[in-house]
Amino acid sequence: MANNIDTLARQLAAKKDISIVKATAEIREVLELIKANVNTKHSVKLANFGKFTVRDRSGVLQGKPYTTRVLTFTSAKAFKNKVK
């Protein structure tokens, strides 16, 4: 079963003894802050979780070079060890 925002909100609400609506709003607010702060000059690093970075990716399509921006996530060592 995949964890989506609703599932995470239910878990957060139970853990913090708050409403599911408030927990959902808090999760969405954190995600919006991450989106707002990740750009080509800055990355968002969350201790013991990982780092969100925007980088340029180059390629060739039908003989024409192109560059596009992609969002990358690099997990922290502590997070990798937890997943193993």
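Analysis parameters
- Residues numbered from 1 in each chain as written.
- Predicted model: local features only at pLDDT ≥ 70, side-chain atom pairs only at ≥ 80, totals over all residues.
- Heavy atoms only, no water.
- 1 Å grid on protein atoms, 1.4 Å probe; cavity = no way out; pocket = protein on both sides within 12 Å on 5 of 7 lines; lining within 4 Å.
- Points joined across faces, edges and corners; volume = space filled by probe spheres on them.
- Helix = DSSP H or I, 4+ residues; strand = E, 2+ residues; numbered from the N terminus.
- Nonpolar A, V, L, I, M, F, W, Y, C, P; charged D, E, K, R; others polar.
- Phe/Tyr/Trp six-rings, centres within 6.5 Å; stacked < 30°, edge-to-face > 60°.
- Buried < 20%, exposed > 50% of the residue type's maximum accessible area, 1.4 Å probe, protein only.
- Pairing = 2+ DSSP bridges.
- Axes fitted to C-alpha atoms, helices over the stretch in contact; angles between N-to-C directions.

*Asks:* Before we move on, could you go through the layout of surface pockets and cite the residues and values that matter?
*Replies:* The volume enclosed by the largest pocket comes to roughly 400 Å³. Residue lining of the largest pocket: 15 residues in total, with Leu-8, Leu-12, Ile-27, Val-30 and Leu-31 positioned closest to the centre. Mapped onto the lining of the largest pocket, the elements with two or more residues apiece are helix 1 (5-16) and helix 2 (20-37). Its residues assigned to classes, the lining of the largest pocket comprises ten nonpolar, three polar and two charged.

*Asks:* Give me the lowdown on the packing of aromatic side chains, citing residues and values where you can.
*Replies:* Overall, the coordinates contain three aromatic pairs when judged by the stated rule. With a centroid separation of 4.8 Å and an interplanar angle of 45°, the aromatic rings of Phe-49 and Phe-79 are classed as tilted. A residue pair is termed long-range when its members are at least 10 positions apart, and Phe-49 in the loop between strand 1 (44-46) and strand 2 (50-61) and Phe-79 in helix 3 (residues 77-83) qualify at 30 residues. On the accessibility criterion, Phe-49 (32% relative accessible area) is partly exposed. Under the relative-accessibility criterion, Phe-79 is labelled partly exposed at 28%.

*Asks:* Lay out unusual backbone geometry in plain terms, naming residues and giving numbers.
*Replies:* At Asn-48, a position not held by glycine, the phi torsion is positive, near 60°. As for its placement among the helices and strands, Asn-48 is situated in the loop between strand 1 and strand 2. Judged by relative accessible area, Asn-48 falls into the exposed class, the value being 59%. Of note in this structure, Gln-62 is not a glycine but carries a positive phi near 50°. If you trace the backbone, Gln-62 turns up in the loop between strand 2 and strand 3 (64-75). What makes Gln-62 exposed here is its relative accessible area of 77%.

*Asks:* Let's hear about the sheet that holds strand 1: which residues, and what values?
*Replies:* Pairing in this open sheet of three strands is antiparallel, and the strands run 1-2-3 from one edge to the other. What marks the edges here is a single partner per strand, and that holds for strand 1 and strand 3. Sheet twist, expressed as the mean angle between neighbouring strand axes with direction ignored, is 30°. In this structure, strand 2 lies alongside strand 3, joined through twelve bridges in antiparallel fashion. The residue of strand 3 that forms the bridge with Arg-55 is Val-70.

By themselves, these figures tell us nothing about what the structure is for.
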